[in-house]
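Tertiary structure, described
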Amino acid sequence: MIIAIDGPAGSGKSTVAKLVAGELGFAYLDTGAMYRSVAWRALEEGLNLTDPLCVASVNRIRQIAQAEPISFGYTQGEPLPSKVFINGRDVTTQIRTPECDKAVSPVSADPEVRQALTQQQQDFGREHDTVMEGRDIGTVVFPEAELKVFLIATAKERARRRALQNAQKEGRQQADDDEIELILADILRRDAYDSSREAAPLAAASDSWELDTTDMTIEQVVAAIVAAAQERNGAVAQERSGAQAQERNGAVAQERNGAVAQERK
Ligand code: DC
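Residues numbered from 1 in each chain as written. Predicted model: local features only at pLDDT ≥ 70, side-chain atom pairs only at ≥ 80, totals over all residues. Heavy atoms only, no water.

Let's talk about the overall build of the protein chain
Summing up its helical and strand segments, the protein chain has nine helices and eight strands in all. For the protein chain, the spread of C-alpha atoms along the principal axes amounts to about 85 × 45 × 40 Å. Expressed as a percentage of its 265 residues, the buried residues of the protein chain come to 43%. Counted over contacts in the protein chain with a minimum sequence separation of 6, partners at least 24 positions apart contribute 71%. Within the structure as shown, the protein chain displays about 14,400 Å² of accessible surface, and the carbon and sulfur contribution to it stands at 50%. Side-chain charges in the protein chain split into 30 positive and 41 negative, and the spacing between the mean points of these groups amounts to 3 Å. (Helix = DSSP H or I, 4+ residues; strand = E, 2+ residues; numbered from the N terminus. Buried < 20%, exposed > 50% of the residue type's maximum accessible area, 1.4 Å probe, protein only. Contact = heavy atoms within 4.5 Å. Areas by Shrake-Rupley, 256 points an atom, 1.4 Å probe, with all protein chains shown as cover. Lys, Arg positive; Asp, Glu negative; His and termini not counted. Charge placed at Lys NZ, Arg CZ, Asp CG, Glu CD.)

Regarding the site of the ligand
Taken together, the neighbourhood of the ligand is formed by 14 residues, with Arg36, Arg114, Arg135, Asp136 and Arg197 sitting nearest. At 3.0 Å, a side-chain N or O of Thr31 approaches a nitrogen atom of the ligand. One of the side-chain N or O atoms of Arg36 is found 2.7 Å from an oxygen atom in the ligand. Computed on the free molecule, the ligand has an accessible area of 450 Å², of which 97% lies beneath the protein chains in the complex. For the shell around the ligand, the elements supplying multiple residues, two or more each, are α2 (31–44), α4 (98–109) and α8 (177–196). (Near = heavy atom within 4 Å. Polar contact = N/O pair within 3.5 Å; in protein donor to acceptor, adjacent residues only side chain to side chain.)

Things to note about the sheet that holds strand β1 (residues 2–6)
Strands belonging to one sheet form pairs held by backbone hydrogen bonds; the direction of such a pair is parallel or antiparallel. Read across the sheet, five strands follow the order β2-β6-β1-β7-β8 without closing on themselves; strand pairing throughout is parallel. Strands at the two margins of the open sheet, each flanked by one partner only, are β2 (27–30) and β8 (209–212). Within this sheet the neighbouring strands show an average axis-to-axis angle of 20°, counted without direction. Bridge count for β1 against strand β6 (residues 130–134) is five bridges, and the pairing is parallel. (Pairing = 2+ DSSP bridges. Axes fitted to C-alpha atoms, helices over the stretch in contact; angles between N-to-C directions.)

Some words on α8
An ideal rise of 1.5 Å per residue puts 28 Å on 20 residues; α8 measures up with 28 Å between its terminal C-alpha atoms. Elements in contact with the buried residues of α8: α2, α4 and α7 (155–169). (Expected span 1.5 Å × (residues − 1).)

Remarks on α4
For α4, every residue scored as buried is listed here: Cys100, Asp101, Ala103, Val104, Ser105, Pro106, Val107 and Ser108. Looking at the packing, one finds that the buried side of α4 touches α2, α3 (55–67), α5 (111–127) and α8.

Focus: the pairing of β2
Side chains of β2 alternate between two faces, with Ala27 and Leu29 and Tyr28 and Asp30 buried alike. The sheet contact formed by β2 and β6 spans four bridges and is parallel. Residue Tyr28 lies in a different strand from β6, and its bridge partner there is Val131.

Considering the pairing of strand β7 (residues 147–152)
With respect to burial, β7 is a largely interior element, five of its six residues being buried. With four bridges joining them, β1 and β7 adopt parallel strand pairing. Residue pairing for β7: Ala4 is matched across the bridge by Lys148. As defined by bridge partners, β7 adjoins β8 across four bridges and the pair is classed as parallel. Within β8, the position partnered with Val149 by the bridge is Trp209.

Digging into unusual backbone geometry
Located in the positive-phi region is Asn87, a residue other than glycine, with phi close to 50°. Looking at the secondary structure, you find Asn87 in the loop between β4 (83–86) and β5 (89–90). Despite not being glycine, Ala200 has its phi angle at roughly 45°, a positive value. Along the chain, the position of Ala200 falls in the loop between α8 and β8.

Re the sheet that holds β4
The three strands lie next to each other as β3-β4-β5, forming an open sheet whose pairing is antiparallel. Either end of the sheet is taken by a strand with one partner, and the two such strands are β3 (70–73) and β5. Pairing of β4 with β5, which is carried by two bridges, proceeds in the antiparallel orientation. Residue pairing across strands places Ile86 opposite Arg89, the latter belonging to β5.

Observations concerning the pattern of salt bridges
Pairing between side chains of opposite charge can happen when their charged atoms approach one another. Under the counting rule described, the total for this entry stands at 22 salt bridges. Measuring nitrogen to oxygen at the nearest pair gives 2.6 Å for the salt bridge that ties Arg41 to Glu44. Note that Arg41 and Glu44 are positioned in helix α2 at a spacing of three residues, about one turn of the helix. Exposure remark for Glu44: the relative accessible area of 38% places this residue in the partly exposed category. With a closest N to O distance of 2.8 Å, Glu68 and Arg41 form a salt bridge. (Salt bridge = Lys/Arg side-chain N within 4 Å of Asp/Glu carboxyl O.)

That is the geometry; function is a separate question.
Okay, structure coming up:
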């Protein structure tokens, strides 16, 4: 079973997806971390991806995305993998820097980079029951996902959450207004970029469940998704056993028809 969780930057996808995966015992795949890893390699090699005339840079980043596999690893004591590796190199902390936040947009807009990472994501999803989060999981990576959730929240609320998360990492209880404004500007910039790019733009699948989390707690969002997943799982199991029963009925009817025809002969 695939649970696709898409949505804009700061909508709470990662927090929610991890908790849902933990509750259901599913694997978890953070596809944003994959784009960030490739962006980090672009920074490392000093590639220029914003100037379309830098063909050599574009070719090089495509080569990296195609040749350097991305994998995830466990931190001791944590139930879900939180370490990110590209070609075996640990880039867990490097991919969360403001430089990488900026570099990731042009990298994720390239169709060939997307194709290479989409392939890796599909391979992973075929192997495990997975909660997969990103921007295009329900539309491109797994359009046949059994449950598709599109998380939204106002830009202001998303900025407030991100700023609070950053402050808490530094041991503070609150973020100040300036921090929130700065993050809000970055969120609006990324929303615009992610939604307007040609390749797999951020968009809700027509059959996705749009969940506005502005006034919901994380626990409420997780409980709602887990309940929907369980319901969907039950429906899928029923559909499957219904299809099997129909197949069996068909086979029995065929056998009977064959026997009747032979008797008549
Ligand atoms: O979820 P995130 O903020 O870590 O994602 C980083 C960037 O990667 C984001 O700007 C959009 C891009 N991305 C994407 O284009 N497709 C995905 N499936 C996941 C992320």
